[in-house]
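Here are the chains, one letter per residue:
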Amino acid sequence: MDFLTNPFIVALLFLYRAFGESLFVAIVVFTIITRAVTFPLTQQQLKSSKKMQELAPALKELKERYKGDREKQAQAQMVLYRQYGINPLAGCLPLVIQMPILFGLYGAIYSALGNTPLQFVDLHQRLLIPNLSQMLPLKTSFAWLNLGQPDPLFILPVLVVATTWLQMKLTMPPPPDPKDPSAAMTRNMTTIMPLMIGLFSISFASGLSIYWVVGNVLGIVQYALMGRIDFRTMRGKANAPTQSISIKDLDLKEVDAMPSRAKPTGANRPAPATASAPAKSAPVVTSTKRKLSESRSVQQRKSPKR
Amino acid sequence: MTRLLTRRGFFGVILVVVSALLLSGCTPLILPESWAGITPDGVIGADGRYEARYLYIAYRDTVFRVDTQTFPESRPTERFVDWAAHGNRLFTRPVLGEDNLIYVGSYGHQLYAYSPAASPREVNIPSFAPTPGAVPLIADPLYYNGAVYQGQGDKGINVLDAKTGALRTAFTDTQNGIWAAPLIDSATNTLYFASMDQSLYALTADTMTLRWKLPLDGAVGGTPLLADGVLYVGTFNSEMIAVDVSKDQPEILRRFKTKGWVWSTPVLSEGILYFGDMSGAVYALNSADFSPKWQAQVEGAARGRVAVVDDKVIAAGEQRYLKAFNRESGALMWTSSPPTDDRILGDLVVIGQDVIVTTLSENQLVVAFNLATGGRAWFVRKPNSDDFARLTLTPSAR
């Protein structure tokens, strides 16, 4: 990660010099610039997740229709993605690209804040422009903080937890079906992640916490600028998809024509056919899956028809 | 929260919380912030060797003493630790005072005094009063005339009574911390030190009043060298600077631009100044005009002080090797072997035929190489709980 961290250190030191040797301002400006540069990626990621959210009901229908036959499920999903021009990896790719940048940034701030001999040995090896040494050590005092040390009043860790939670709540709306396993995962993520990062920030240099808080606030602002803020999501209510997509419009003849790969065994019994399942397909489920499918069938019967 | 406490979720939360606690809480204990300081119990002779038998070493949670002349019968490549004591994040070099007291500064904001004199194998309890201030002590202490001069990590120097630890006086008008021991010129009663605020200071030693302050354009992490009224000081702005301090006001005589930061104290021998820099370059300069005599290279940063003994200049490279260069020509004479377990960042000490250095490896914390060949002579690991148990036994039971 040095190939990213080292140029970031140089950039941070230039900002430090440009803004009157204020490390706090340098970190804030540094965070704003990097957020602005990576905004197209963030935007693409959010758009993609929005589209995936719109597709969620259709995906659920497909799962029901091809219950027990994973191959057909996958084929049908591909048909769905193709028809609506969606690349399922498009949501991950920006994240994958941003992760090294985030790690590089983190490393840069950590190194530049160095206030122990070993950190200085490390910093020396990272300074691509020797003249920058003249600025060392950086002036790390800001308000009650020494930016190279943890916040003694624990104000920043609290802010880190609050802003991380807020950002995750706003940018990760719960899936439409609260009983979906991914919904539970999302709930856990939005609870555990902020706490975990908050715990880390108790022992991290407060300069890093400032970077984290500013980054979170900017993330929320960016999301708001895209018109995606819905404060209902903070109360755990799902965003209503702006566009409902159904599998009725899909051409699934090719998928239906595929031979079924599901093989019944003595332990497994064929599941009762649901209304949406094709008659010629005889899906096989395990007992657990069967229970799930039965409960879903009950749900479907209870829920109003679309 | 109730939803979280499902079986899988519960264990997931426990795992994450434990991991977070371990990472956040234990990180400062796992990661060393500095390297081990090493102090021989004698003085350095004109030939560059220490007239000493014992080495005092402080590292992390332990301060201990190595007898360089005794070793277990079955393991001649080791040396006995004959005294050790626990401490809290001890990273400065131990300094010997009167009454066999040893002073060590800690990252836990305290200066400790130990007394191993009563019995070499007795574990003693730190007995020094806490140093005022709330920042790590990075600078080595200086013992002088019944007082301990301790540079502070944030700013200034405290002068403490060497017996009681009581604060006698202090100088607080630096803009940043002090990372190296100050230097006292007893003839003029002057205390010299350089600070990370990029300035060199001269104070009246007993009253700690400022005589002058000189900007150096670079932070300083090492103790200056005083010779014939001239201070030689290296900076993090990659310079070796000579300052005339023989008059009322200081004057920068000359500067020498180096490839990397100069962290260590230089060694002056027969008019030649020897030192290494953080790029791994080792320099031999004529002290009178800073004209280069020769320049050599070690692997990794040459952070520590070089040793000049006999016909050799020995320098340690961060990348686990020592190199000996011919003192006249700079030609390579040997490279130490085998490589040390971990990085070398400490100063070099020569006792007899042993070139001794500390590493960041606890298994080979102190390593000695043969002065003539560069082959490894012996090593000492950081004392563990078994060693402490052995040290509390009677001498006959060892």
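Residues numbered from 1 in each chain as written. Chains lettered and ligands numbered in written order. Predicted model: local features only at pLDDT ≥ 70, side-chain atom pairs only at ≥ 80, totals over all residues. Heavy atoms only, no water.

1. What to know about the confidence of the model for chain B
All names here are of chain B.
- Taken as a whole, chain B shows an average pLDDT of 88; of its residues, 89% reach a score of 70 or greater.
- In the predicted structure, residues 1-6 sits below a pLDDT of 50 and forms seven contacts with residues beyond four places in sequence or in another chain.
- Segment residues 22-31 is flagged for pLDDT under 50; beyond a separation of four residues in sequence, or across chains, it makes eleven contacts in the model. (pLDDT = per-residue confidence, 0-100. Contact = heavy atoms within 4.5 Å.)

2. Here we look at the nonpolar core
- Judged by nonpolar contacts, the single largest core of 71 residues is most densely connected at Leu55, Ile57, Phe64, Trp263 and Val366 of chain B.
- Here the element with the most residues in this core is helix α1 (residues 2-18) of chain A; it accounts for eight residues.
- Once residues lying within four places of it in the same chain are set aside, the contact partners of isoleucine 57 of chain B are Ala36, Gly37, Ile38, Thr62, Val63, Phe64, Val66, Pro94, Leu365 and Val366 of chain B.
- Ala307, Ile314, Leu322 and Ile344 of chain B belong to the second largest nonpolar core, which has 16 residues in total. (Core = buried A, V, L, I, M, F, W, Y, C linked by side-chain atoms within 4.5 Å. Buried < 20%, exposed > 50% of the residue type's maximum accessible area, 1.4 Å probe, protein only. Helix = DSSP H or I, 4+ residues; strand = E, 2+ residues; numbered from the N terminus.)

3. Some words on unusual backbone geometry
- In this chain, leucine 136 of chain A is followed by proline 137 of chain A through a cis amide linkage whose omega measures -10 degrees.
- The topology assignment puts proline 137 of chain A in the loop between α6 (117-126) and β1 (141-142).
- The peptide bond linking serine 337 of chain B to proline 338 of chain B adopts the cis configuration, its omega dihedral lying at -5 degrees.
- With a phi angle near 55 degrees, arginine 60 of chain B is a residue other than glycine that sits in the positive phi range.
- Along the chain, the position of arginine 60 of chain B falls in strand β2 (residues 54-67).
- The class for arginine 60 of chain B is buried, based on a relative accessible area of 18%.
- Residues other than glycine seldom take positive phi values, yet glutamine 198 of chain B does so here, at roughly 75 degrees.
- Residue position: glutamine 198 of chain B is located in the loop between β12 (190-194) and β13 (199-204).

4. A closer look at the pattern of salt bridges
Residue and element names in this part refer to chain B.
- Tallying each qualifying case throughout the model produces 25 salt bridges over all chains.
- For glutamate 362, the salt bridge is made with arginine 60, and the minimal N-O distance between the two is 2.8 Å. One end of the pair, glutamate 362, is in the loop between β28 (354-358) and β29 (366-370); the other, arginine 60, is in strand β2, with 302 residues separating them in the sequence.
- We classify glutamate 362 as partly exposed; its relative accessible area is 30%.
- Notably, a salt bridge pairs arginine 93 with aspartate 140, separated by 3.2 Å at the nearest N-O pair. (Salt bridge = Lys/Arg side-chain N within 4 Å of Asp/Glu carboxyl O.)

5. What about the sheet that holds strand β8 (residues 147-151) of chain B?
Residues and elements named next belong to chain B.
- What the four strands build is an open sheet, ordered β7-β8-β9-β10; its pairing is antiparallel. In this open sheet, the two strands that pair with only one neighbour each are β7 (142-144) and β10 (167-171). Averaged over all neighbouring strand pairs, the angle between strand axes comes to 20 degrees, with direction disregarded.
- As judged from the three bridges shared by β7 and β8, these two strands associate in the antiparallel manner. (Pairing = 2+ DSSP bridges. Axes fitted to C-alpha atoms, helices over the stretch in contact; angles between N-to-C directions.)

6. So, the pairing of strand β16 (residues 230-235) of chain B
Residue and element names in this part refer to chain B.
- By the criterion of burial, β16 is predominantly enclosed, with six of the six residues buried.
- Because side chains alternate across β16, one face comprises the buried residues Val230, Tyr232 and Gly234, and the other comprises Leu231, Val233 and Thr235, equally buried.
- With three bridges joining them, strand β15 (residues 225-227) and β16 adopt antiparallel strand pairing. The residue of β16 that forms the bridge with alanine 227 is valine 230.
- Following β15, the chain reverses through two residues before pairing antiparallel with β16; aspartate 228 in that reversal takes a positive phi of roughly 55 degrees.

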